[in-house]
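This is what each chain is made of:
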Amino acid sequence: DAGVIQSPRHEVTEMGQEVTLRCKPISGHNSLFWYRQTMMRGLELLIYFNNNVPIDDSGMPEDRFSAKMPNASFSTLKIQPSEPRDSAVYFCASRAGLDNQPQHFGDGTRLSIL
Amino acid sequence: AQSVTQPDIHITVSEGASLELRCNYSYGATPYLFWYVQSPGQGLQLLLKYFSGDTLVQGIKGFEAEFKRSQSSFNLRKPSVHWSDAAEYFCAVVEGGSYIPTFGRGTSLIVHP
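I will try to describe carefully the structure that is included in this document. (Residues numbered from 1 in each chain as written. Chains lettered and ligands numbered in written order. Predicted model: local features only at pLDDT ≥ 70, side-chain atom pairs only at ≥ 80, totals over all residues. Heavy atoms only, no water.)

Examining the overall build of chain B
At step 1: For chain B, the helix and strand inventory stands at 0 helices and 12 strands.
At step 2: The helix and strand sequence of chain B, counted from the amino end, reads β-β-β-β-β-β-β-β-β-β-β-β.
At step 3: What you see for chain B is a C-alpha radius of gyration of 13 Å, in line with the 13 Å of a compact globule of 113 residues.
At step 4: Principal axes of the C-alpha set define a box for chain B whose edges measure 45 × 30 × 20 Å.
At step 5: Expressed as a percentage of contacts within chain B between residues at least 6 apart in sequence, the contacts between residues at least 24 apart total 54%.
At step 6: Surface exposure of chain B reaches about 5400 Å², of which carbon and sulfur atoms provide 50%.
At step 7: Averaging the positions of the 8 positive and the 9 negative side-chain charges in chain B gives two centres separated by 3 Å. (Helix = DSSP H or I, 4+ residues; strand = E, 2+ residues; numbered from the N terminus. Rg over C-alpha atoms; globule rule 2.2 N^0.38 Å. Contact = heavy atoms within 4.5 Å. Areas by Shrake-Rupley, 256 points an atom, 1.4 Å probe, with all protein chains shown as cover. Lys, Arg positive; Asp, Glu negative; His and termini not counted. Charge placed at Lys NZ, Arg CZ, Asp CG, Glu CD.)

What to know about the interface of chain A and chain B
At step 1: In this assembly, 23 residues from chain A lie in contact with 22 residues from chain B.
At step 2: With both sides pooled, the region where chain A packs onto chain B buries about 1700 Å², and carbon together with sulfur makes up 58% of that total.
At step 3: Summed over the shared surface of chain A and chain B, the result is 0 salt bridges.
At step 4: Applying the counting criterion to the chain A and chain B interface returns 7 residue pairs in polar contact (both at pLDDT 80 or more). (Buried area = accessible area lost by both parts, 1.4 Å probe. Salt bridge = Lys/Arg side-chain N within 4 Å of Asp/Glu carboxyl O. Polar contact = N/O pair within 3.5 Å; in protein donor to acceptor, adjacent residues only side chain to side chain.)

Brief notes about the side chain of Lys78(B)
All names here are of chain B.
At step 1: By the secondary structure assignment, Lys78 is in strand E9 (residues 73–78).
At step 2: Residue classification places Lys78 among the buried residues on the basis of a relative accessible area of 10%.
At step 3: For Lys78, the side chain forms a polar contact with the main-chain oxygen of Lys61, separated by 2.9 Å.
At step 4: A distance of 2.8 Å separates a polar atom in the side chain of Lys78 from a polar atom in the side chain of Asp85.
At step 5: Not counting residues up to four positions away in its chain, the partners in contact with Lys78 are Ala17, Ser18, Leu19, Lys61, Gly62, Phe63 and Asp85. (Buried < 20%, exposed > 50% of the residue type's maximum accessible area, 1.4 Å probe, protein only.)

Here's what the structure looks like:
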C-alpha cells in the first residue's frame, strides 16, 4: 500500500523566496497533520486538518506560513517569504479515524533556506 | 494540558543487551499511548500502541511496552538489542477527545558492537 507521499524530499532556496511543500495522505484517512522538526525544538505540530477542514492551526509560527487542503488527497504548506530560521524537516502525517488510531508519517521534506 | 516526558535524551547500549526507554505523561484519565521509531532520513514509524485491556503490549521488531497507571508510565523494552535498532524513539500520548497527539522530545538510541 502506498504510504504518505511528500514532495519534494529536499528543497534549497534563498531567503525571501516562496516555498511550497506538498503532501498526499493515505487514501481513506480523514485526518492530516503538518509537523516541523528541528534539533532545538523537536517535533512541533503546525496544523491539523479533519475532513479537509483546519481544526487547530495554533502551531503555525506566523502569517508567513499557510496550509491548505483542497481535497481529501492533497495538502500544501506554503512559506512566503521564507527565512533562514525556517530551515527544518517538515513532516506530513495522516490518520484514519480519530484519536485512538496511529499516525502514518511521510519521509519528510528537508528545507534549507540560505 | 497534557505533557509527555522522555527523561533520557541519549541511551547507549551494547548489541545483545536489554533496553528500556522511559516515558511518563501527565494526564488525568487513561490516554491513548504510542511508541514510534525514526531512522535517519525517514519519518516516524509506529512500533506499538495501547488503548485498553492487557497492560503489556507487543509491537513490531521485538519491542514491547508496559502501561503502568499508578506511575503514569509507558516504558518501551526489548530483551536483546540489534545494531539496526539504533534510531530515535518517540513516545506519544493522545487525550481521549482531543484528537491531537503530544509527543515527547525523543530518545536517541546508540548501539555499540
